[in-house]
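# Descriptive analysis of the structure
These are the residues of each chain, in order.
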Amino acid sequence: MVTFQLEFQILEIQNKERLSSAVTDLNIIMEPTECSELSEFVSRAEERKDLFMFFRSLHFFVEWFEYRKRTFKHFKEKYPDAVHLSEGPSSPSIVIRSASQPGFELVIVWRIQIDEDGKVFPKLDLLTKVPQRALELDKNRAIETAPLSFRTLLGVLGIEAALESLIKSLRAEQNG
Amino acid sequence: MEQANPLRPDGESKGGVLAHLERLETQMSKSRKQSEEPQSVQAQEGALGTKIHKLRHLRDELRAAVRHRQASVKASIANVEPNLAVEMSEQEVLEEKLENVKAVLQAYRFTGLSGKLTSRGVCVCINTAFEGNLLDSYFVDLVIQKPLRIHHHSVPVFIPLEEIAAKYLQTNIQHFLFSLCEYLNAYSGRKYQADRLQSDFAALLTGPLQRNPLCNLLSFTYKLDPGGQSFPFCARLLYKDLTATLPTDVTVTYQGVDALSTSWEEQRASHETLFCMKPLHQVFASFARKGEKLDMSLVS
């Protein structure tokens, strides 16, 4: 849930044919801790006095926010030993570790971005952490190309299936 | 392929000496730079330290301003309450509450999406705006039945209402409404930009603005210097994404017979970029401002 305070002024001008209204002042106060991902968007909405876009994009943002939270929670519950949420339940990133292969970590950062037009879309990135020795053995440069391959995987399987396949692949070593 | 080098016999030794001199020169300038660096690094550190102080101060000021504003908002809400404490009959108290609720419901239209119950179901009102300018509103009258259906609506025929309804109406009504909101707001925004261009910048247009009802294909010719001798530019803006208010494809062409000089070609290319990045009427506003200080040397 996101809480905020909104103050705005509307100027209505009645001329012969029509009534035109424009927002002349807009102030949005949102606690910085609430949603740091929103701060840039909020300043942009204030600057443009775009009250309607603020509400519209906020709705879609919250939808994605809740979906991300649910998805991460689902994986945490399904694979409690492999999956870790670094910053608590509303964390924007998820860390996948394998108990049998310490030193290997996959971090998936799931950002929710709002562009100039107020469109809300997810942006997922994969970060890898591997021991030096593994890097040396990696002749096919799989680690290097992992972030790019992840993007492709997302396009093919979608978010949930892609995450599931990554978690399973790291756990596969555990079960031999 | 053999490279001709008429200077070859002497050239080699000249090349050697010149190359050596060059190397000595770069070495000298490098060592000069290195000796200057520690001093400039210190100066930079000092400057950054001052900057950090200034930013911290600014942050504290802003935090205090936010707290002050929150307090004043709470105070102004509290100020309304004492009026109710005055003795009033029950009737008056209820009327006051009713007025309050009506006002809140009215305020909801500023969120862009509001509705009221009808005998059959609910009538949803979608208000559109572009950058703070309130524009047209549309309504969708829904009948609560299985299946949910649209009784009637004021959505223009070129907005894909049936498509959106087919996708979302039965399964996720919220998504249906917000998706429709996106399309209508984008259409309103594009229409607003085109209207503003026609009304405010007619002086810069050399012909009529051509547009389709959906306002996602615009075509016009314009001149930066209306009285001048140059040929006009011809712009074509296509908005493939119907939920966007900025074009996806822009082409600016030159109507004259001769080829464009480099400065005009740069202008043409920069205009193409501008139309993609900023709303149409704002681009023309910047043209009008620049026109006041037009560099006459550009006019060939």
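Reading the values: rules and limits
Along every chain, residues carry numbers that run from 1 in the direction the sequence is written. Starting at A for chains and at 1 for ligands, labels are handed out in the order in which the entities are written. pLDDT decides what is reported in this predicted model: residues at 70 or higher carry local features, side-chain atom pairs at 80 or more are listed and counted, and totals for whole chains, interfaces and linings draw on all residues regardless. Each side-chain value is derived from all of the structure's non-hydrogen atoms; neither hydrogens nor water enter the calculation. UniProt positions are given in the numbering used here, feature names are shortened, and annotations may be inferred rather than shown by experiment. In this description a helix means any DSSP run of H or I spanning at least four residues, a strand means any run of E spanning at least two, and both kinds are numbered starting from the N terminus. Only protein chains enter the accessibility calculation, which uses a 1.4 Å probe; a residue whose area is less than 20% of its type maximum is buried, one above 50% is exposed, and one in between is partly exposed. Surface exposure here means Shrake-Rupley accessible area, sampled with a 1.4 Å probe, where a residue is shielded only by the protein chains that are shown. For our purposes a nonpolar core is just a set of buried Ala, Val, Leu, Ile, Met, Phe, Trp, Tyr and Cys residues, chained together by side-chain atoms within 4.5 Å. Contacts are assigned to residue pairs with any non-hydrogen atoms lying within 4.5 Å of each other. Any two strands with at least two DSSP-identified bridges between them are counted as paired. Each axis is a line fitted through C-alpha atoms, taken for helices only over the stretch in contact, and angles between the N-to-C directions span 0 to 180 degrees. Nonpolar side chains (Val, Leu, Ile, Met, Phe, Trp, Tyr) within 5 Å and like charges within 9 Å form the patches, drawn only from residues with over 30% relative accessible area and no salt bridge. For this document, the term salt bridge refers to a Lys or Arg side-chain nitrogen within 4 Å of an Asp or Glu carboxyl oxygen. We count Lys and Arg on the positive side and Asp and Glu on the negative side, and we leave His and both chain ends out. Charged side chains are reduced to one point each, which is NZ for Lys, CZ for Arg, CG for Asp and CD for Glu. Geometric relationships in this document are graded by angle, where less than 35 degrees denotes roughly parallel, more than 145 denotes roughly antiparallel, 65 to 115 denotes roughly perpendicular, and other angles denote oblique. Each crossing gets its hand from how the near helix is turned against the far one by less than a right angle, where anticlockwise is left-handed and clockwise is right-handed. Throughout this entry, Asp, Glu, Lys and Arg are counted as charged residues, while Ala, Val, Leu, Ile, Met, Phe, Trp, Tyr, Cys and Pro are counted as nonpolar. The remaining residues, Gly among them, count as polar. Values labelled buried area give the accessible surface lost by two parts on being combined, using a 1.4 Å probe and summing over both. In protein, a polar contact requires one atom able to donate a hydrogen and another able to accept it; more generally it is a pair of N or O atoms within 3.5 Å, and residues adjacent in sequence count only if both atoms are side-chain atoms. Only rings of Phe, Tyr and Trp enter the pairing, Trp through its six-membered ring, and a pair is recorded when the two centres are within 6.5 Å. The plane angle decides the type: under 30 degrees is stacked, over 60 is edge-to-face, the rest tilted.

The name an unreviewed UniProt entry assigns to chain B is Centromere protein O, from the organism Sapajus apella. Looking at chain B in UniProt, the text filed under Sequence similarities (unreviewed entry) is "Belongs to the CENP-O/MCM21 family."

With an unreviewed UniProt entry as reference, chain A is termed Centromere protein P isoform X5, source organism Sapajus apella.

## Some remarks on the overall build of chain B
Looking only at helices and strands, one finds six helices and eight strands in chain B. Counting the 300 residues in chain B, one finds 29% classified as buried. When the accessible surface of chain B is summed, it comes to about 20000 Å², and 57% of that surface belongs to carbon and sulfur atoms.

## Details of the nonpolar core
Where a protein is soluble and globular, its nonpolar side chains tend to be buried together. Ranked by size, the top nonpolar core spans 66 residues in total, and within it L38, F54, I108 and F150 of chain A together with F176 and L180 of chain B carry the most contacts. At eleven residues, the largest contribution of residues to this core is made by helix 2 (residues 51–78) of chain A. Ignoring anything within four residues of it in the chain, the contact list for F54 of chain A reads F4, L6, I28, M30, F41, V42 and A45 of chain A. Judged by nonpolar contacts, the second largest core, of 22 residues, contains L197, A235, V252 and F275 of chain B.

## A few points about the sheet that holds strand 4 (residues 93–97) of chain A
Residues and elements named next belong to chain A. Across the sheet, which stays open at both edges, the four strands sit in the order 3-4-5-6 with antiparallel pairing between neighbours. Each having just a single partner strand, strand 3 (83–84) and strand 6 (120–129) make up the two edges of the open sheet. When strand 5 (residues 105–114) meets strand 6, the two strands line up antiparallel, connected through ten bridges. Bridged to I108 within strand 6 is L126. Against the sheet, helix 2 makes contact with strand 3, strand 4, strand 5 and strand 6, and its axis sits at roughly 165 degrees relative to strand 5, the strand it touches most.

## What to know about the sheet that holds strand 5 (residues 210–211) of chain B
Residues and elements named next belong to chain B. Spatial strand order, 5-6-7-8: four strands in an open sheet with antiparallel pairing. What marks the edges here is a single partner per strand, and that holds for strand 5 and strand 8 (249–254). Sheet topology note: the strand 7 (residues 233–238)/strand 8 ladder contains six bridges and is antiparallel. What sits directly across from L238, in strand 8, is D249. Across the sheet, helix 5 (residues 262–277) is in contact with strand 6 (217–222), strand 7 and strand 8; its angle to strand 8 comes to roughly 155 degrees.

## Comments concerning unusual backbone geometry
With omega at -5 degrees, the peptide bond leading from K146 of chain B into P147 of chain B counts as cis. Residue placement: P147 of chain B occurs in the loop between strand 3 (133–143) and strand 4 (149–153). One non-glycine residue, K49 of chain A, lies in positive phi territory at about 55 degrees. For K49 of chain A, the location among the structural elements is in the loop between helix 1 (39–48) and helix 2.

## Considering a negative patch on the surface
On the surface, E92, E95, E96 and E99 of chain B cluster together into a patch of negative charge. With respect to the helices and strands, E92 of chain B occurs in helix 2 (residues 90–107).

## Examining the packing of helix 3 (residues 161–169) of chain B against helix 4 (residues 173–200) of chain B
All names here are of chain B. It is at 8 Å that the axes of helix 3 and helix 4 come closest, and there the two elements cross at 155 degrees. Accordingly, the angle class assigned to the pair helix 3 and helix 4 is roughly antiparallel. Every pair of crossing elements has a handedness; the one defined by helix 3 and helix 4 is right-handed. Residue-level contacts link L161, I164, A165, Y168 and L169 of helix 3 to I173, H175, F176, S179, L180 and Y183 of helix 4. Of the residues contributing to the contact of helix 3 with helix 4, the split by class is nine nonpolar, two polar and no charged.

## Examining the interface of chain B and chain A
Across the contact, 27 residues belong to chain B and 23 residues belong to chain A. Approximately 2300 Å² of surface area, both sides summed, lies buried where chain B meets chain A, with 58% of it carried by carbon and sulfur atoms. For the chain B face of the interface with chain A, the top three residues by lost area are F110, L134 and F178 of chain B, together amounting to 25%. A salt bridge links E131 of chain B to R48 of chain A; the shortest N-O distance between them is 3.9 Å. Joining chain B to chain A, the criterion identifies nine residue pairs in polar contact (both at pLDDT 80 or more).

## A few points about the side chain of S21 of chain A
Relative to the helices and strands, S21 of chain A is located in strand 2 (residues 19–29). Classification of S21 of chain A as buried rests on a relative accessible area of 11%.

## Regarding the pattern of salt bridges
For the coordinates displayed, the defined rule picks out 23 salt bridges over all chains. The salt bridge involving K73 of chain A is made with E77 of chain A; its shortest N-O contact spans 3.7 Å. Of this pair, K73 of chain A and E77 of chain A both sit in helix 2, four residues apart, roughly one helical turn. An identical accessibility class is assigned to K73 of chain A and E77 of chain A; each is exposed. Through salt bridges with shared partners, a single ionic network connects E40, R44, R48 and E116 of chain A together with E131 of chain B.

## Comments concerning the packing of aromatic side chains
A full pass over the atoms with the stated rule returns 25 aromatic pairs over all chains. Members of the aromatic cluster, connected to one another through ring pairs, are F201, F220, Y222, F233, Y254, W264, F275, F284 and F287 of chain B.

## Here we look at a nonpolar patch on the surface
A cluster of nonpolar residues, V17, L18, L21 and L24 of chain B, forms a patch on the protein surface that exposes about 380 Å² of accessible area. Here V17 of chain B shows up in helix 1 (residues 8–85).

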